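Overview (structure and organization)
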Amino acid sequence: MDAVVQLLRNALCCVKDLNLLSSTILYDPKYTAKFYKFPEPHLNQTTPLEVFISISQLYACVSCALSGYKLIKNNGLLKLKRLGRVADNLKDKYRSIKTPKVAMIIQNSIMKEA
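**With respect to the overall build of the protein**
Secondary structure summary: the protein contains four helices and zero strands in total. Overall, the protein shows an N-to-C arrangement of helices and strands of α-α-α-α. With respect to the three principal axes, the spread of C-alpha positions in the protein is 75 × 30 × 30 Å. When the 114 residues of the protein are sorted by exposure, 17% land in the buried category. Here the protein has roughly 9200 Å² of accessible surface; of this, 64% comes from carbon and sulfur atoms. Once the 17 positive and 8 negative side-chain charges of the protein are each reduced to a mean point, those two points are 12 Å apart.

Listed below in structure tokens is the structure:
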């Protein structure tokens, strides 16, 4: 669903940027005023096309926020703590090796764990 909304938002932005379909109601702020009276002086010039774009951007924002919340809720913080412990164990195990190699081993291990 997110990809469809993103495609639709990008298409609407292209229509606005290229001024396509300029003779339709998509560019008529009076049509938007029939449904909602925006405050003056600038918001009352909002076109239906801009309303559609803003709704799709709001959907993207809300879906990203919910995805982040679900990631945190579903043991995301516990996994981060576990990765920290793995990194500390690897540091102690490979302390005698030069620092760049230790960093590479830890990075590879964390990438495998993630």
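Past the structure itself, the notes keep going.
**Quick word on the nonpolar core**
Judged by nonpolar contacts, Leu12, Val15, Leu26, Leu49 and Ile53 together constitute the single largest core of five residues. Secondary-structure elements contributing two or more residues to this core are helix H1 (2–17) and helix H3 (48–93). Among all residues touching Leu12, those that are not within four sequence positions of it are Leu49, Phe52 and Ile53.

**Examining a nonpolar patch on the surface**
A cluster of nonpolar side chains, namely Leu18, Leu20 and Leu21, defines an oily patch on the protein surface of about 300 Å² accessible area. Structurally, Leu21 is set in the loop between H1 and helix H2 (29–33).

**Looking at the pattern of salt bridges**
Here the structure, examined in full by the defined rule, presents one salt bridge. A salt bridge links Glu50 to Lys16, with the shortest nitrogen-to-oxygen separation between them at 3.3 Å. Placement of Glu50 in helix H3 and of Lys16 in helix H1 is noted, with a sequence separation of 34 residues between them.

**Quick notes on the packing of aromatic side chains**
Per the counting criterion, the structure on display carries one aromatic pair. When the centroid spacing of 5.4 Å and the interplanar angle of 70 degrees are considered together, the rings of Tyr31 and Phe35 count as edge-to-face.

**Let's talk about H1**
Taking 1.5 Å as the rise per residue, H1 with 16 residues should run 22 Å; its terminal C-alpha atoms sit 22 Å apart, in good agreement. Every buried residue belonging to H1 is among Val5, Leu12 and Val15, and all of these are buried. Buried residues of H1, seen end-on, are gathered within an arc of 85 degrees and therefore sit on one face of the element. Across from the buried face of H1, at angles greater than 90 degrees, the exposed residues are Ala3, Leu7 and Asp17. Elements that come into contact with the buried residues of H1 comprise H3. Phi turns positive one or two residues past the end of H1, at Asn19, with a value near 55 degrees.

**Section: unusual backbone geometry**
Of note in the backbone geometry, Asn19 takes a positive phi value of approximately 55 degrees without being a glycine. Position of Asn19 relative to the elements: it lies in the loop between H1 and H2. A positive phi angle is found at Leu21, which is not glycine, with a value near 55 degrees.

**Section: the packing of H1 against H3**
Two elements in contact, H1 and H3, have axes separated by 9 Å at closest approach and are oriented at 150 degrees. Taken together, the axes of H1 and H3 lie roughly antiparallel to each other. You can see that H1 and H3 cross each other, and the crossing is left-handed. In this structure, H1 contributes Asp2, Val5, Arg9, Leu12, Cys13, Val15 and Lys16 to the contact, and H3 contributes Leu49, Glu50, Phe52, Ile53, Ser56, Gln57, Tyr59 and Ser63. A per-class count over the contact of H1 with H3 returns eight nonpolar, three polar and four charged.

Conventions and cut-offs
- Residues numbered from 1 in each chain as written.
- Predicted model: local features only at pLDDT ≥ 70, side-chain atom pairs only at ≥ 80, totals over all residues.
- Heavy atoms only, no water.
- Helix = DSSP H or I, 4+ residues; strand = E, 2+ residues; numbered from the N terminus.
- Buried < 20%, exposed > 50% of the residue type's maximum accessible area, 1.4 Å probe, protein only.
- Areas by Shrake-Rupley, 256 points an atom, 1.4 Å probe, with all protein chains shown as cover.
- Lys, Arg positive; Asp, Glu negative; His and termini not counted.
- Charge placed at Lys NZ, Arg CZ, Asp CG, Glu CD.
- Core = buried A, V, L, I, M, F, W, Y, C linked by side-chain atoms within 4.5 Å.
- Contact = heavy atoms within 4.5 Å.
- Patch = residues over 30% accessible without salt bridge, like charges linked within 9 Å, V, L, I, M, F, W, Y side chains within 5 Å.
- Salt bridge = Lys/Arg side-chain N within 4 Å of Asp/Glu carboxyl O.
- Phe/Tyr/Trp six-rings, centres within 6.5 Å; stacked < 30°, edge-to-face > 60°.
- Expected span 1.5 Å × (residues − 1).
- Arc of directions from axis to C-beta.
- Axes fitted to C-alpha atoms, helices over the stretch in contact; angles between N-to-C directions.
- Parallel < 35°, antiparallel > 145°, perpendicular 65-115°, else oblique.
- Left-handed = near helix turned anticlockwise from the far one by under 90°.
- Nonpolar A, V, L, I, M, F, W, Y, C, P; charged D, E, K, R; others polar.

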